[in-house]
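Spelled out from the first residue to the last, the chains are:
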Amino acid sequence: MPDTLSILDNRTGKKYEIPIENDTIRAADLRQIKVSDDDFGMLSYDPALMNTASVKSHITYIDGDKGILEYRGYPIEQLAENSSSYSEIAYLLIVGQLPNQLQLEAWRADIQRHTFIHENIKKLTEGFRYDAHPMGTFISTIAALTTFYPEAKDIFNAETRMKQIHRLIGKATTIAAFTYCHSLGRPFVYPAGDLSYTGNFLNMMFKVGESRYDVDPVFERALTVLFILHADHEQNCSTNVMRSIGSSHVDPYSAVAGAAAALWGPLHGGANEAVIHMLEEIGSVTNVPSIINDVKAGKRKLMGFGHRVYKNYDPRAKVIKKLADQVFAVTGRNRKLDIALELERIALEDEYFIKRKLYPNVDFYSGLIYEAMGFRMNFFPVLFAIPRIAGWLAHWQEHILDQEQKITRPRQVYLGLRGQTWQPIGKR
Ligand code: SDX
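Everything quoted here is computed from the prediction, not taken from an experiment. (Residues numbered from 1 in each chain as written. Predicted model: local features only at pLDDT ≥ 70, side-chain atom pairs only at ≥ 80, totals over all residues. Heavy atoms only, no water.)

Caption draft 1: Structural view of the site of the ligand. For the ligand, the set of nearby residues contains 23 residues, the closest of which are His 233, His 307, Arg 308, Arg 316 and Arg 388. One nitrogen or oxygen atom from the main chain of Leu 302 is found 2.8 Å from a nitrogen atom belonging to the ligand. Arg 308 is positioned with one of its side-chain polar atoms (N or O) 2.7 Å from an oxygen atom of the ligand. Within the complex, the protein chains bury 75% of what would otherwise be the 1100 Å² of accessible surface of the ligand. Counting contributing residues, the shell around the ligand receives three or more from each of domain 2 (60-263 + 379-400) and domain 3 (271-372). (Near = heavy atom within 4 Å. Polar contact = N/O pair within 3.5 Å; in protein donor to acceptor, adjacent residues only side chain to side chain. Areas by Shrake-Rupley, 256 points an atom, 1.4 Å probe, with all protein chains shown as cover. Domains from an automatic or database assignment.)

Okay, structure coming up:
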């Protein structure tokens, strides 16, 4: 049987053979379907792109029904278990293979070199109110980097492109830490070259004064695993934005700022903060049944539950749930974990959630760990954005080098008025 779709247009009786490739048809092949010759031709209509592949990618694979997630073909469970550093996974996503020892050392050195930021950026950070939401400061400061590195516009120069990639991955942690210190009125702590990516970040965040901040190895490992788990997730909302902004050939700083803005939404990366607010509102395990009833009555969503792709347990949530136990062994058990576990237990047995295939996602348990490690709730979306920069950049690079891609410019179904005639204001 041929790899084609036969379409019969009952309006005209015409028949069309549409080629099938990778189990998809090209939407452009629908344009030949017309009623009259001067028709524009048929479009596919897909709000929120629920069933549309807009790119071909080699970076991350997800099977939502089976709960599978792989970066460049490696199962996320293996990477979280075996990788010693987030930098190693950033290399895997961006370069396309795991680095050998020499490649990893060079990569780490390049990123570490770029953890320092221009002193003017400190002044920019100090220009925000102390109580500015850190995600707003983070997005603004990432965008401002484009004014310090105008050569970043030369996106088709591989060496220049890689230098901006090193800068963004390196500076993201420093910008985040400086934002946090500014909100507390604390002096900024400069990057330390002898620490790991996450160890350096924790040091910049929590070192106070001259006293040496001893990075807790359990926290450092937990944050490394969390950063690995958050590094990429194929065509999620913010990555789609990164690709779309990048398709205009703007510099990567502007594109990352836009992607981070999309991530901030409570339906996306802002959910980790919303989960903790929800658990605090619930307050006790005894209140869980009433919350579940409100959700089933459509009065609210269960934050940290559900996913556009996963119709099974998010594999990342499984790893994070295990990680929580390790962190709480150091910090003491967080009573919100008991509420979260009870929410999960009831939801996974309830027909409303089963029917809609709603399971805990990456955001359901991550906030509990961040809070136990001493991060403020409003900082959680920043903790999602930092590691996701590697994923955004991997997709950005793949997109601008993809010969099939052009500037993103979808069509629309216009249902508005036509042929209106101007009326002077006195006659309206
Ligand atoms: C991330 O895309 C990615 O990969 C994102 C991400 C990544 O790594 O980049 O994985 C990170 O964003 C994780 C998701 C974090 N967001 C939340 O936890 C917010 C709560 N979740 C929902 O808002 C929702 O589940 C979404 C936004 C995540 C997915 O929504 P969809 O795919 O648009 O699903 P839907 O809204 O069409 O829901 C289908 C049904 C609806 O019920 P009915 O109208 O059919 O009766 O399920 C219900 C929804 O009301 N539903 C929920 C629910 N999520 C969906 N009901 C209660 N609580 C929820 N959380």
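Caption draft 2: Just unusual backbone geometry, in detail. Positive phi outside glycine occurs at Arg 72, with the angle close to 50°. If you trace the backbone, Arg 72 turns up in the loop between strand S4 (68-71) and strand S5 (74-75). Despite not being glycine, Lys 357 shows a phi value in the positive range, around 50°. Along the chain, the position of Lys 357 falls in the loop between helix H15 (351-355) and helix H16 (362-372). For Lys 357, a relative accessible area of 41% corresponds to the partly exposed category. (Helix = DSSP H or I, 4+ residues; strand = E, 2+ residues; numbered from the N terminus. Buried < 20%, exposed > 50% of the residue type's maximum accessible area, 1.4 Å probe, protein only.)

Caption draft 3: Representation of helix H6 (residues 158-184) within the structure. The end-to-end C-alpha distance of H6 is 40 Å, a good match for the 39 Å that 27 residues give at a rise of 1.5 Å each. Maximal helix bending in H6 amounts to about 35°, located at Lys 171. In terms of burial, H6 is largely enclosed, as 22 of its 27 residues are buried. The residue sitting at the N-terminus of H6 and contributing the capping side-chain oxygen is Asn 157; that oxygen lies 3.0 Å from the backbone nitrogen of Glu 159. Two residues or fewer after H6 comes Gly 185, characterised by a positive phi angle close to 70°. (Expected span 1.5 Å × (residues − 1). Bend = angle between axes of the 7 residues up to and from the residue.)

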